[in-house]
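Below are the chains, spelled out letter by letter.
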Amino acid sequence: MALTWQEARITAAAPETPRVRRLTLAVGWSRPFRAGQHVDVRLTAPDGYQAQRSYSIASAPTRPESIDLLIERLDDGEVSGFFSDVAEPGDAIELRGPIGGAFVWDPGEGEPLLLVGGGSGVVPLLSMLRHRAEGAPDVPALLLYSARTSDEVIAREELMRRDAEEPGFRLMLTLTRAPGGRRIDADTIGEALAALGSPAHTFVCGANSFVSAMSDLLVDAGVPAKSIRTERFGG
Ligand SMILES: Cc1cc2nc3c(=O)[nH]c(=O)nc-3n(C[C@H](O)[C@H](O)[C@H](O)COP(=O)(O)OP(=O)(O)OC[C@H]3O[C@@H](n4cnc5c(N)ncnc54)[C@H](O)[C@@H]3O)c2cc1C
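What counts, and at which threshold
- Residues numbered from 1 in each chain as written.
- Predicted model: local features only at pLDDT ≥ 70, side-chain atom pairs only at ≥ 80, totals over all residues.
- Heavy atoms only, no water.
- Pairing = 2+ DSSP bridges.
- Helix = DSSP H or I, 4+ residues; strand = E, 2+ residues; numbered from the N terminus.
- Axes fitted to C-alpha atoms, helices over the stretch in contact; angles between N-to-C directions.
- Core = buried A, V, L, I, M, F, W, Y, C linked by side-chain atoms within 4.5 Å.
- Buried < 20%, exposed > 50% of the residue type's maximum accessible area, 1.4 Å probe, protein only.
- Domains from an automatic or database assignment.
- Contact = heavy atoms within 4.5 Å.
- Buried area = accessible area lost by both parts, 1.4 Å probe.
- Salt bridge = Lys/Arg side-chain N within 4 Å of Asp/Glu carboxyl O.
- Polar contact = N/O pair within 3.5 Å; in protein donor to acceptor, adjacent residues only side chain to side chain.

Student: Describe the sheet that holds strand β9 (residues 169-175), listing the residues and the values that go with them.
Tutor: With parallel pairing, five strands are arranged side by side in an open sheet as β9-β8-β7-β10-β11. For this open sheet the edge positions go to β9 and β11 (228-232), each flanked by a neighbour on one side alone. Strand-to-strand, the axes of this sheet are offset by a mean angle of 10°, without reference to chain direction. As judged from the six bridges shared by strand β7 (residues 113-118) and strand β8 (residues 141-147), these two strands associate in the parallel manner. The partner of L114 across the bridge, within β8, is L142.

Dropping the structure here:
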């Protein structure tokens, strides 16, 4: 079934980090969405010029009529700039979705689950984690998350609380621009695999270079390529 553009209304907006804004949208779907999927949004200027971008859904599918997007402001970013500075609750935007057939996780698919996110690439992984907590809390899961600084960790309090309270969940955070900062490397991947065991499914999301580097490290560490699913945000 072809996806059609529909009107969605912004019902709330709040800063998530200094560079990321959380927008809540009221959406009328033609079908349910799955954790990991994204939507396309389209902006139209008064002169008819249009810009279209994709944004992952951060919220869990159990609340389908109200979704959260987490949009990072990029320098000179055309669409992210609009959502960071201009869009306000009450505004209507054009949206179509849900989109994405491969980068989705459903409880019951097999365990354990390894999630690897860089920057805003953590967004679809958050939907998976929230879905897991509500529907399959026994599935062992580990999130390996690379952010620039502690302030830029998306959903930091939630992730730290889950790490402390959910027995089957572990957060491994690496900060690249903090004092003593580092990138995820072969040692970090090895530590994650030792803590989790051999993952049945691995999801990797972030900028192109991040996804390529992580995929190589995972395969080098013995994770079967066919069990790794990737989503590239560009950049
Ligand atoms: C499936 C999918 C899901 C996505 N989900 C999210 C999401 O949940 N949150 C989110 O913030 N973004 C997400 N993105 C990225 C988003 O679609 C846009 O590419 C991003 O917001 C930049 O658009 P812009 O119009 O602001 O920038 P543009 O005006 O298109 O570009 C501005 C500058 O930024 C560079 N650039 C473009 N994209 C990136 C990038 N991803 N990283 C680094 N530099 C970049 C460009 O080369 C250019 O120099 C997703 C992308 C895809 C394909």
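Student: Which residues make up the nonpolar core, and what are the values?
Tutor: In this structure, L115, M128, L143, Y145, I154, L159 and F203 are the most contacted members of the largest nonpolar core, which totals 28 residues. If one sorts the elements of this core by residue count, helix α2 (residues 123-135) sits on top with five residues. A domain split of this core shows at least three residues from each of domain 1 (6-99) and domain 2 (113-232). Each residue touching M128, except ones within four places of it in the same chain, is listed here: A35, G36, F103, V104, W105, L115 and F203. Counting residues in hydrophobic clusters, the runner-up holds 21 residues, among them L23, V27, L43 and A87.

Student: Lay out the domain arrangement of the protein chain with the relevant residues and their values.
Tutor: Each domain of the protein chain was delimited in the assignment, giving domain 1 (6-99) and domain 2 (113-232). Computed over C-alpha atoms, the centres of domain 1 and domain 2 are 23 Å apart. Listed per partner, the contact involves 18 residues of domain 1 and 16 residues of domain 2. Taken as a group, A35, A58 and L70 account for 26% of the area that domain 1 buries against domain 2, more than any other trio of residues on that side. Across the contact surface, domain 1 and domain 2 share two salt bridges. Of the charged contacts in the structure, one is a salt bridge between R148 and E72, with a shortest N-O distance of 2.9 Å. Taken together, the links from domain 1 to domain 2 amount to seven residue pairs in polar contact (both at pLDDT 80 or more).

Student: Describe the side chain of R42, naming the residues involved and giving the relevant values.
Tutor: For R42, the position within the fold is in strand β3 (residues 38-44). Under the relative-accessibility criterion, R42 is labelled buried at 19%. Looking at R42, its side chain comes within polar contact range of the side chain of E94, at 2.8 Å. For R42, the residues in contact, after removing those within four places along its chain, are W5, Q50, A51, Q52 and E94.

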